[in-house]
Amino acid sequence: MRLLLLPPPACLTPFGRDRFEDVVLAATDRPDRWQLRVDTTHPILFDHLVDHAPGMLLLEPAR
């Protein structure tokens, strides 16, 4: 299994978060594009083993 490094989170303020660990978007080289950060060690988004991206992970960037 190959592990990928998690990109650094985007700024806290626009996303209304207090902790960088809770920001699920990372900046890219384009101002109109974001990368989804999938941190499988996050205790809320991944509270048990799953074989898919949880709905909460997909809804958070839309918020």
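The rules behind the values
- Each residue is numbered by its place in its chain's sequence as written, counting from 1.
- Per-residue local features are limited, in this predicted model, to residues with pLDDT of at least 70; the limit for side-chain atom pairs, both in listing and counting, is 80 or more; totals at the level of whole chains, interfaces and linings are taken over all residues.
- Side-chain numbers come from the whole structure's heavy atoms, not from hydrogens or water.
- Patch criteria: residues need more than 30% relative accessible area and no salt bridge. Like-charged residues are merged within 9 Å; nonpolar side chains of Val, Leu, Ile, Met, Phe, Trp and Tyr are merged within 5 Å.
- With residues, only the protein chains shown are counted as cover, and all accessible areas are computed by Shrake-Rupley using a 1.4 Å probe.
- Here, a salt bridge means any Lys or Arg side-chain nitrogen found within 4 Å of an Asp or Glu carboxyl oxygen.
- Where helices and strands are cited, they refer to DSSP runs of H or I of at least four residues and of E of at least two residues respectively, numbered from the N terminus.
- Any residue under 20% of the maximum accessible area for its type is buried, any over 50% is exposed, and the rest in between are partly exposed; the area is computed with a 1.4 Å probe on protein chains only.
- Charge assignment in this entry is limited to Lys and Arg as positive and Asp and Glu as negative, and neither His nor the chain termini are counted.
- Whenever a nitrogen or oxygen atom comes within 3.5 Å of another N or O atom, the pair is scored as a polar contact, on the condition that within protein one atom can donate a hydrogen and the other can accept it, and that pairs from neighbouring residues in sequence are kept only if both atoms are in side chains.
- Any pair of residues with heavy atoms lying within 4.5 Å of one another is described as a contacting pair.

Asks: Lay out a nonpolar patch on the surface with the relevant residues and their values.
Replies: A cluster of nonpolar side chains, namely Leu36, Val38 and Leu58, defines an oily patch on the protein surface of about 230 Å² accessible area. By the secondary structure assignment, leucine 36 is in strand β2 (residues 34-36). When its relative accessible area of 31% is taken as the criterion, leucine 36 is described as partly exposed.

Asks: Give me the lowdown on the side chain of arginine 37, citing residues and values where you can.
Replies: Within the fold, arginine 37 resides in the loop between β2 and α1 (55-62). Buried and without a salt bridge, arginine 37 has aspartate 39 as its closest oppositely charged side chain, separated by 5.6 Å. A polar side-chain atom of arginine 37 sits 2.7 Å from the main-chain carbonyl oxygen of proline 7. Among the polar contacts listed, one links the side chain of arginine 37 to the backbone oxygen of valine 23, at a separation of 2.7 Å. Residues within four places of arginine 37 in sequence aside, it is in contact with Leu6, Pro7, Pro8, Pro9, Phe20, Val23, Val24, Leu25, Ala26 and Leu57.

Asks: Please set out the pattern of salt bridges residue by residue, giving values where relevant.
Replies: If you walk through the whole model with that rule in mind, you get four salt bridges. Taking the shortest distance from any N to any O, the salt bridge between aspartate 22 and arginine 19 comes out at 3.2 Å. Its relative accessible area of 42% is what places arginine 19 among the partly exposed residues. What emerges from the salt-bridge pattern is a single network uniting Arg17, Glu60 and Arg63.

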